[in-house]
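Residue-level structural notes
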Amino acid sequence: GESVGLHLPTLSVQEGDNSIINCAYSNSASDYFIWYKQESGKGPQFIIDIRSNMDKRQGQRVTVLLNKTVKHLSLQIAATQPGDSAVYFCAEPQVTGGGNKLTFGTGTQLKVEL
Amino acid sequence: DAMVIQNPRYQVTQFGKPVTLSCSQTLNHNVMYWYQQKSSQAPKLLFHYYDKDFNNEADTPDNFQSRRPNTSFCFLDIRSPGLGDAAMYLCATSRDRRERINEQFFGPGTRLTVL
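Reading the values: the criteria
- Residues numbered from 1 in each chain as written.
- Chains lettered and ligands numbered in written order.
- Predicted model: local features only at pLDDT ≥ 70, side-chain atom pairs only at ≥ 80, totals over all residues.
- Heavy atoms only, no water.
- Salt bridge = Lys/Arg side-chain N within 4 Å of Asp/Glu carboxyl O.
- Helix = DSSP H or I, 4+ residues; strand = E, 2+ residues; numbered from the N terminus.
- Pairing = 2+ DSSP bridges.
- Axes fitted to C-alpha atoms, helices over the stretch in contact; angles between N-to-C directions.
- Disulfide = S-S within 2.5 Å.
- Buried < 20%, exposed > 50% of the residue type's maximum accessible area, 1.4 Å probe, protein only.

Details of the pattern of salt bridges
Residues and elements named next belong to chain A.
- Applying the stated criterion across every chain yields a total of seven salt bridges over all chains.
- Note that D55 and K68 form a salt bridge whose closest N and O atoms lie 3.2 Å from each other. Pair noted here: D55 is in the loop between strand 5 (45–51) and strand 6 (56–58) and K68 is in the loop between strand 7 (62–67) and strand 8 (72–77), with a separation of 13 residues, a long-range link.
- Here R61 makes a salt bridge to D84, at a shortest N to O gap of 2.9 Å. Separated by 23 residues along the polypeptide, R61 in the loop between strand 6 and strand 7 and D84 in the loop between strand 8 and strand 9 (86–95) bring together distant segments of the chain.

Here is the structure:
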């Protein structure tokens, strides 16, 4: 089965509020994760990544937290805007015999209400 | 701007009629990937090319084939599309397979409808 998965399929937030999207993984050896944003009708877009030697990483309005003890990571979006409406995936890249494979989690649909 | 381009954006085909989807890139990346994304699901890797080396995922049906005639172009061929093959097909590129942290750049996708 997949090594990453999400708790909630849909998250609705008010504009201006903070959003938290969660992701669980099962492989304790996993050491690198990426968050992707996919807007309707578009391909996934890289948001932020984190390695297992870090607990927290911040970008512009986004923060990713990694809790290796419970095998959980989260994406926090500050001051959520209508343009943040999208599906968010956590993903784990894995080097295979032939290449670099992304295994995506289920995805969370973020809906921003005005 | 350097980018990943997919044509067509929407493709309609008939059950059993072969169809080819196209991907091109101006990033000069040596790895190109094809993902299948069904409605409300996550993308799933079908196969990828590292330069001219083809790497198939174990669970990719034989109905799906790929060609990479040069660095810039990669094609996805579906020999006999079934209704279950209706999906968004995403092409992605990355710089080098050995760098796990290398970002994959995705195209906008081709939405395939099978009638």
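Re the sheet that holds strand 7 (residues 64–67) of chain B
Residue and element names in this part refer to chain B.
- The strand order across the open sheet formed by four strands is 1-3-8-7, and the pairing between neighbours is antiparallel. The open sheet has two edge strands with one neighbour each: strand 1 (4–7) and strand 7. Going across the sheet, the axis of each strand differs from the next one's by a mean of 20 degrees, ignoring polarity.

Re the state of the cysteines
- The final tally for this structure, using the stated rule, is two disulfides over all chains.
- What pairs with C23(A) in a disulfide is C90(A), and their sulfur atoms sit 1.8 Å apart. Across the S-S bond of C23(A) and C90(A) the torsion is about 50 degrees, and the bridge reads as right-handed. Of this pair, C23(A) sits in strand 3 (residues 19–25) while C90(A) is found in strand 9, placing the two residues 67 residues apart along the sequence. Considered together, C23(A) and C90(A) belong to a single accessibility category, that of buried residues.
- Each sulfur in the disulfide pair C23(B) and C91(B) lies 2.0 Å from the other. One disulfide, between C23(B) and C91(B), carries an S-S torsion of -75 degrees and so falls in the left-handed class. Of this pair, C23(B) sits in strand 3 (residues 19–25) while C91(B) sits in strand 9 (residues 87–94), and the two are 68 residues apart along the sequence.
- By relative accessible area, C91(B) is classed as buried at 0%.
- There is no disulfide at C74(B), and the cysteine sulfur nearest it, in C91(B), is 6.0 Å away.

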